[in-house]
Each structure stands twice: as C-alpha cells, then as structure tokens.
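Structural overview
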Amino acid sequence: MLDIQLLRTDLDRVVARLATRGFQFDATQFRALEEERKRIQVRAQTLQAERNQASKAIGQAKAKDEDTTALMQDVSRINEALKEDEAELLDVQTRLEGLLLDFPNLPHASVPVGKSEVDNVEVRRVGTPRVFDFPIKDHVNLGESLGLLDFETASKLSGARFSILKGELSHLHRALSQFMLDTHTRDHGYTEMYVPYVVNAETLRGTWQLPKFEADLFSVPRGEQGKHYLIPTAEVPLTNVVRDAILKEDDLPLRLTAHTPCFRSEAGSYGKDVRGLIRQHQFDKVELVQIVHPELSYAALEELTGHAEKILQLLELPYRVIVLCTGDMGAGSCKTYDIEVWLPAQNTYREISSCSNCEAFQARRMQARFRNKKGKPELVHTLNGSGVAVGRALVAILENYQNVDGTIEVPSVLRPYMGGTAVIGRKR
RNA sequence: GGAGAGAUGGCCGAGAGGUCGAAGGCACUCCCCUGCUAAGGGAGCAUAGGAUCAAAAGUUCUAUCGAGGGUUCGAAUCCCUCUCUCUCCGCCA
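What comes next is a walk through the structure. If you're wondering where the values come from, they're calculated on a predicted model, not measured in any experiment.

On the secondary structure map, H281 appears in the loop between β9 (254-263) and β10 (282-292). Note on H281: relative accessible area 8%, which makes it buried. A distance of 2.7 Å separates a polar side-chain atom of H281 from the backbone oxygen of R264.

Our next topic: the protein's contact with RNA strand B. The immediate surroundings of RNA strand B are formed by 23 residues, with R8, K38, Q48, S55 and V75 found nearest. Sugar and phosphate atoms constitute 72% of the interface atoms of RNA strand B, taking the interface as everything within 4 Å of the protein. Within the side chain of Q48, a nitrogen or oxygen atom sits 2.9 Å from a sugar or linking oxygen of RNA strand B. Of all the elements, helix α2 (residues 27-63) adds the most residues to the surface near RNA strand B, at 13 residues.

Orientation of helix α1 (residues 4-19) relative to α2, taken along the N-to-C sense of each, is 175°, at an axis distance of 11 Å. As far as their axial angle goes, α2 and α1 are roughly antiparallel. Note on element contacts: α2 touches α1 through A27, F30, R31, E34 and R37, opposite L7, R8, L11, D12 and V15. Each residue belonging to the contact of α1 with α2 can be placed in one class, and the counts come to five nonpolar, no polar and five charged.

Here we take up the layout of surface pockets. Reported here for the largest pocket is a volume of approximately 1700 Å³. In terms of lining residues, the largest pocket is bounded by 50 residues, among which R264, E266, G330, E351 and S354 are the most central. A per-element tally of the lining of the largest pocket places strand β13 (residues 348-357) first, with eight residues. What the second largest pocket holds in volume is close to 280 Å³. In terms of lining, the second largest pocket is formed by F162, S163, I164, L165, H173, L277, Q280, Q282, F283, D284 and G391. Counting residues per element, the ones that place at least two in the lining of the second largest pocket are β3 (164-165) and β10. The greatest single-element share of the lining of the second largest pocket, amounting to three residues, is contributed by β10. Residues that form the lining of the second largest pocket fall into these classes: five nonpolar, five polar and one charged.

Moving on, we get to the sheet that holds strand β14 (residues 369-371). Backbone-to-backbone hydrogen bonds join strands into a sheet, with any given pair of strands oriented parallel or antiparallel. Across the sheet, three strands lie side by side as β8-β14-β15; this open sheet has mixed pairing. Across the chains shown, the open sheet's two edge strands, defined by having one partner strand only, are β8 (246-248) and β15 (377-379). The sheet shows a mean angle of 40° between the axes of neighbouring strands, direction not considered. Looking at chain direction, β8 and β14 are connected through three bridges and run parallel. Its bridge partner being in β14, K248 is matched across the sheet by R371.

Taken in spatial order, the eight strands line up as β1-β11-β12-β13-β16-β10-β9-β4 in an open sheet, and their pairing is mixed. Looking at which strands have only one partner, the edges of the open sheet turn out to be β1 (121-126) and β4 (191-192). The pairing of strand β12 (residues 335-343) with β13 spans nine bridges and is classified as antiparallel. Of the residues in β13, the one forming a bridge with V341 is R350. Running at roughly 10° to strand β16 (residues 381-389), helix α9 (residues 297-314) makes contact with β1, β9, β10, β11 (319-323), β12, β13 and β16 of the sheet.

All right, on to the packing of helix α6 (residues 167-186) against α9 then. The geometry of α6 relative to α9 is characterised by a closest axis approach of 10 Å and an angle of 130° between their N-to-C directions. By the angle class used here, α6 and α9 are oblique. Two packed elements cross with a definite hand, and for α6 against α9 that hand is right-handed. Contact residues: F179, M180, T183 and H184 in α6; H307, I311 and L314 in α9.

Following the criterion strictly, the structure yields nine aromatic pairs and no others. Between F179 and Y417, the aromatic rings sit 6.3 Å apart at their centres with planes inclined by 70°, giving edge-to-face as the arrangement. Of this pair, F179 sits in helix α6 while Y417 sits in the loop between β17 (408-409) and β18 (423-424), and the two are 238 residues apart along the sequence. Residue class for F179 comes out buried when judged on its relative accessible area of 4%. Every member of this aromatic cluster is reached through a ring pair, and the members are F23, F25, F30 and F103.

This paragraph deals with the pairing of strand β7 (residues 227-230). Successive side chains on a regular strand alternate, one facing one side of the sheet and the next facing the other. Bridge count between strand β5 (residues 198-200) and β7: three bridges; the pairing is antiparallel. Opposite N200, over in β7, you have H228 as the bridge partner. As judged from the three bridges shared by strand β6 (residues 219-221) and β7, these two strands associate in the antiparallel manner. Residue pairing in the sheet places V220 in a bridge with H228 of β7.

For the rest of this paragraph, the subject is the environment of A27. You can see A27 is positioned in helix α2. Owing to a relative accessible area of 14%, A27 belongs among the buried residues under this scheme. Excluding residues within four positions of it along the chain, A27 makes contact with L11 and V15.

Formed by 51 residues in total, the largest nonpolar core has its most connected members in L172, L176, M180 and I397. Of all hydrophobic cores here, the second largest spans 27 residues; its members include L7, F103, W208 and A331.

So, on to the side chain of R392. Its location among the elements puts R392 in helix α11 (residues 390-400). The charged side chain of R392 is buried without a salt bridge, its nearest counter-charge being E351 at 4.6 Å. For R392, the residues in contact, after removing those within four places along its chain, are I278, R279, E351 and I352.

Quick notes on the rules
- Residues numbered from 1 in each chain as written.
- Chains lettered and ligands numbered in written order.
- Predicted model: local features only at pLDDT ≥ 70, side-chain atom pairs only at ≥ 80, totals over all residues.
- Heavy atoms only, no water.
- Helix = DSSP H or I, 4+ residues; strand = E, 2+ residues; numbered from the N terminus.
- Buried < 20%, exposed > 50% of the residue type's maximum accessible area, 1.4 Å probe, protein only.
- Polar contact = N/O pair within 3.5 Å; in protein donor to acceptor, adjacent residues only side chain to side chain.
- Near = heavy atom within 4 Å.
- Axes fitted to C-alpha atoms, helices over the stretch in contact; angles between N-to-C directions.
- Parallel < 35°, antiparallel > 145°, perpendicular 65-115°, else oblique.
- Contact = heavy atoms within 4.5 Å.
- Nonpolar A, V, L, I, M, F, W, Y, C, P; charged D, E, K, R; others polar.
- 1 Å grid on protein atoms, 1.4 Å probe; cavity = no way out; pocket = protein on both sides within 12 Å on 5 of 7 lines; lining within 4 Å.
- Points joined across faces, edges and corners; volume = space filled by probe spheres on them.
- Pairing = 2+ DSSP bridges.
- Left-handed = near helix turned anticlockwise from the far one by under 90°.
- Phe/Tyr/Trp six-rings, centres within 6.5 Å; stacked < 30°, edge-to-face > 60°.
- Core = buried A, V, L, I, M, F, W, Y, C linked by side-chain atoms within 4.5 Å.
- Lys, Arg positive; Asp, Glu negative; His and termini not counted.
- Salt bridge = Lys/Arg side-chain N within 4 Å of Asp/Glu carboxyl O.

Structure (structure tokens):
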C-alpha cells in the first residue's frame, strides 16, 4: 500500500511513475473523491465535537441537579445530522481505500523502464554452461527413464501439475533443501523458522496476495471462521511475523528463512510449461526474508540476492542475474532481481529465484514498525527472495549433471546429505 | 469436544455508565542533584487520521481500552456475536 499522504501531495508524479509499470490511474476521479472526503469528514468531525461537548455539559448539569431537557434535544438534533454524514463518509472512505488497495508499489529509480520481460536487463552471468558430447535429455525424460519421476500416478492422486518423486530423486530433493537451509543459517546469518502452511486472509492481505490474486490461491473452508488459504510462498508467513509489531531498532535486521511447500492454483497459466516440474501446483522452496531499517534496504537487497546466488555457486550451476523492468515486476516490489539457472535441454536460463525489496509497501499494510532514535514508530522495509526454489534446482541438477548413460552425478556439496552417494540411477 | 477465567498504552496494572486517552509502576528522553556498585528530585512520553500552515513546528478536532454490532444524550465500563489467551476434563499423531 502506498502512503496516502504521497497521493495527496504529489499525485501527478505518482501517476507518472506508476504508468511506467503499465498501471493506468484516473487522477481526476481520485481528486474528486478526495474533495468529497474532505468536505464530509470536516462536517462530520465538527458535529462530533459539538455532540461531545453537549454530552459533557449534560453530565455536568446532572451533577448539579439541573434540568437537561433542552441540552438533550440539541444532542438529538446533532445525532440526526451526524447519522447521514457518517454513512456518507464511510462510503467515500471505502471507495478511496478500494482504489488505494489496488495501487502497485512505486518502482525504484534504478529500475529500467519497460513493458514486459523483453525489457529486463541482464546484470551478470556466472559460470559457463557445460558442453555435452552426447545428445542430452530433458529432466522429464531423465527422471522417467530412471523410474524416479512419476507424473501419471500423481495425476491419478491429485490431477494435472502434481508430481511424485521416488527413491534417490526424492532423497536428492530432501538433500537440496537441507543444504540450502544449512547454508543460510550457518553462513548467512538467517534464523530457521517452521511456520504454518495454512494462513488467514488478514495475513495474505499483509503481503499483497489478497484481495487481488485470490484466484491464484488454494483455499480451505473453515466453517464460521470463514476461509483459510494454503501459502503460495513462505514469504507470507515469514513476513507477517512482524505484522502489528513494534520492533526495537536493535532487533533489525531480522533475517528469517524457512523451507516450506508452496501451493499455487495459477488457473491462467496453462499452456506454458505444461511439461515437467517447472510449473506445479505444489512445490518446495527455501525462502529468505529480511526485515530491515529503511536506510539499509537496498544494501540488503544486494546481500540477499548474493545469498541466493551462493547456493547456485556451491551447486556449480551456471546462472545469470537480471533486473526486472518496471512492467515485469510484481506489484509489491520496488526493485526485483531474478536469478535464472541454465537449463541445457531448453538451451536457456530459467527463473529459479526472485529477490525483491518492497520498501514500506508491505510494512504499511501490516503496520510493521520499529521505534526509531526519536522514539517514534517508523515503518520497516521488507525484502524477500527464494533461496532457492527446490523443485527447479532439482530440474537444473538433473539436466546439467546428466551422464551419457542417463544417470545423474551428485554435486559434491550434496554428497554428505546423500549418505555419500555420488551418482543417481546407477544399477546395483 | 466439555466447563470456567480473561483480553486496557512499549511492558505491568487500576478503572465497573459522565469531567477517562485512561491512576500508579517499569522502561525510555531531557533537566537537576549526587563521587560510586539496578541512588534521589523534576518534566516529558500511545497510535492513526483530519483541519490550519508553502513546509516544519505549533494549535486544534476526530477515532481507537481484542474485533464487530447494539443500548444510551453520553460506553474502557451495560448487552449480543466473533477471535484469541489461560486453567481443568476428554480425545489424539
């Protein structure tokens, strides 16, 4: 959520900057609504003040045993008028809030302006794609021929876009998440968290998934309590840890990590990536979240992106980092780096992590604050990034580490997590 | 699942229809005092929004005592619904 003050004082600039991310906004309509709000609010508040004063006078008169009939009639009249104003005010405010809730975040000045993913800018490339001297297979082929990847049975259980991993492949999947968590907690200073996978609507509102993206979520009916939702990413529970909290300045930065499944309905995305593990309704991810002092959030973004990159470096997977242009960024982000891993079967880099600085956008919604030097509560900045998507890392390992006989080499950092296994799929 | 108790400011905790945005304490900030090992005195100290203002400061108004509704001229205080926490019993990986 944007700062309403900013809209009141600097609307034209806000509209112009939001236009760079393809967000059209009717400033005239907003101004008119604001005018209306102001008019009604001033009137209503004046009436309230009158009423409060009169009521106080009644109390004082009664204490002195005086007659209060005239005063009470006054108040009744005020209340009549007030009732209408309050209803109008509520209506205007609801409409304004509705507009405000739809606003995406303002892009940071360093973000390239563009319309879509073709305008994203590559920042760096790390590692060199391996040259194969045999015809390579994609991860689906590799997994299925080894008998370790089973989409058919998964679709019997749950439908399309679910998968079953077996034996050594399932073990490798587990090894990956363990390795990521260990690296982030041991080397990068994150605190490991175990968090709920089912959250309430308030929590999703805090991080922006509601109300706009409800269609992408799996929900769980809960009788009188309404609906709960399966988390689409651990960003949701991790970031909301600080919702409605006032932290000590010394507590910052908070670095939190969790390994969780993520559930995405993504009804609209069929037709793309239908094959394989790339786009699933359920996948595992190790998430990184930082809650930081506003002045340090851009340094933290570089740092957090580096933490995610470190995983790929240790796994010796080639990747590149791109900065998303204004038109391709998520709504809550001021600046986003995507990390894309090399997939030889697709002959391209594919997203494996997305690292964003949301500045105070989520914090304002969540009322997540810290007490600053002056003793005043001030909004924190929030950042999140995948460190990294486990399923996609598995895909990358299958494809990059494949041997001519269809077996898979285990990256050396993962071998301790695999009981020393060096190759997957070797016949015994 | 059953029975009971509770939810007040950063924290603890009083208040039980009127002058309560809320006593007192702790913490914090500033000042004074004091040569000392969690010493004393004074002042300040909730959040959000509105108006005024070029802006800040200041002034002023409104809302907020778990959330939402109701009663009333007036609600932290009374009534209803919900949520959460605690205690006891039951069940359970």
